[in-house]
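# Residue-level structural notes
Single-letter residue listing:
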Amino acid sequence: MLIDGYEDVPLVAAEDLLALPGFWAAYLLWMCQTEENEPDPLWFGADEADTDAAYEALTDEERWPAFRIPFADGHSALIVGRNFADDLGTEYFISHPEWDRHGHLATIDGHQAGPGLSWRELTWLCSRAPTADVH
C-alpha cells in the first residue's frame, strides 16, 4: 500500500487484522486505562492471548499496518500505524484521488495533534463506508 510521505517505510494493507479476535481490545484498551481502572480485554470479548497477538501485529516494526476506509465521492480515511522502535504512533488522514496531498486529521503518540474527528463526524463516515469487501 503506497501513501504519500510513507514511501520508505514497510506499509502493508491491514484490513485483515480487523478480523483478529483481540483487535479492538489491542487497539483501544490503552484509552480505557486510568489511575483507578485497569482495563480488561474481556470488555471487548477477547482474552489476553488474543489481545497480545493482535497487539504484536499492530506494532510490528517490519509491517506497519495501514487501513483505508472509503466513503462518499471517492474520499478515504487512512489510518497508519507508525511503528518506529520505541516510538509508536497512529496517523489519521483524509485522501481523495484528485488531491495532491492528504488532509491531516490527527496524530496519536507522545505528542498528540488534532483536530481529529468529532463522534458525529466519525459515525457519519462509518455509515457511508461500503459494506462489501474493498481492497
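Report follows, based on the coordinates. (Residues numbered from 1 in each chain as written. Predicted model: local features only at pLDDT ≥ 70, side-chain atom pairs only at ≥ 80, totals over all residues. Heavy atoms only, no water.)

## Re the overall build of the protein
From N to C terminus, the protein includes three helices and five strands. Each helix and strand of the protein, placed in order from N terminus to C terminus, yields the pattern β-α-α-β-β-β-β-α. In the protein, buried positions account for 36% of the 135 residues. Across the protein, every contact between residues at least 6 apart in sequence was considered, and the portion connecting residues at least 24 apart equals 42%. Total accessible area computed for the protein in this model is approximately 8900 Å², and 54% of it derives from carbon and sulfur atoms. (Helix = DSSP H or I, 4+ residues; strand = E, 2+ residues; numbered from the N terminus. Buried < 20%, exposed > 50% of the residue type's maximum accessible area, 1.4 Å probe, protein only. Contact = heavy atoms within 4.5 Å. Areas by Shrake-Rupley, 256 points an atom, 1.4 Å probe, with all protein chains shown as cover.)

## Considerations on the sheet that holds strand β5 (residues 103–108)
With mixed pairing, the five strands of this open sheet are ordered in space as β1-β2-β3-β4-β5. Sheet topology places β1 (11–13) and β5 at the edges, where each strand pairs with a single neighbour. Each strand axis lies, on average, 25° off the axis of its neighbour in the sheet, ignoring direction. In this sheet, strand β2 (residues 64–70) lies alongside β1 in parallel orientation, the contact comprising three bridges. Counted as the bridge partner of Leu11 is Trp64 from β2. (Pairing = 2+ DSSP bridges. Axes fitted to C-alpha atoms, helices over the stretch in contact; angles between N-to-C directions.)

## Some words on unusual backbone geometry
Phi at Asp73 is positive, roughly 55°, even though this residue is not glycine. Residue placement: Asp73 occurs in the loop between β2 and β3 (76–84).

## Some words on the layout of surface pockets
Taken as a whole, the second largest pocket encloses approximately 510 Å³ of empty space. Along its surface, the second largest pocket is lined by 25 residues, and Ala26, Trp30, Tyr55, Thr59 and Thr90 are the ones closest to its centre. At the level of secondary structure, the elements contributing two or more residues to the lining of the second largest pocket comprise α1 (23–32), α2 (48–58), β2, β3 and β4 (87–95). Here the lining of the second largest pocket gets six residues from one element, more than from any other, and that element is α1. Of the residues contributing to the lining of the second largest pocket, the split by class is 15 nonpolar, eight polar and two charged. (1 Å grid on protein atoms, 1.4 Å probe; cavity = no way out; pocket = protein on both sides within 12 Å on 5 of 7 lines; lining within 4 Å. Points joined across faces, edges and corners; volume = space filled by probe spheres on them. Nonpolar A, V, L, I, M, F, W, Y, C, P; charged D, E, K, R; others polar.)

## Remarks on the nonpolar core
Within the largest apolar cluster, 16 residues are counted, with the highest numbers of intra-cluster contacts made by Leu17, Phe23, Tyr27, Leu58, Phe67, Tyr92 and Ile94. When contributions to this core are tallied by element, the ones reaching two or more residues are α1, α2, β3, β4 and β5. Of the residues forming this core, the biggest block, three residues, is contributed by α1. Counting residues in each nonpolar core, the second largest holds eight residues, with Tyr6, Trp64, Leu78 and Phe93 among its members. (Core = buried A, V, L, I, M, F, W, Y, C linked by side-chain atoms within 4.5 Å.)

## A word on the packing of aromatic side chains
The full count for this structure, using the stated rule, is six aromatic pairs. An angle of 75° between the planes, with centres 6.1 Å apart, marks the rings of Tyr6 and Phe93 as edge-to-face. Of this pair, Tyr6 sits in the segment before β1 while Phe93 is found in strand β4, placing the two residues 87 residues apart along the sequence. On the numbers, 6.0 Å between centres and 85° between planes, the contact of Trp24 with Tyr27 is edge-to-face. Note that Trp24 and Tyr27 are positioned in helix α1 at a spacing of three residues, about one turn of the helix. The exposure class of Tyr27 is buried, given its relative accessible area of 17%. Connected via pairs of aromatic rings, a cluster forms that spans Phe23, Trp24, Tyr27 and Phe67. (Phe/Tyr/Trp six-rings, centres within 6.5 Å; stacked < 30°, edge-to-face > 60°.)

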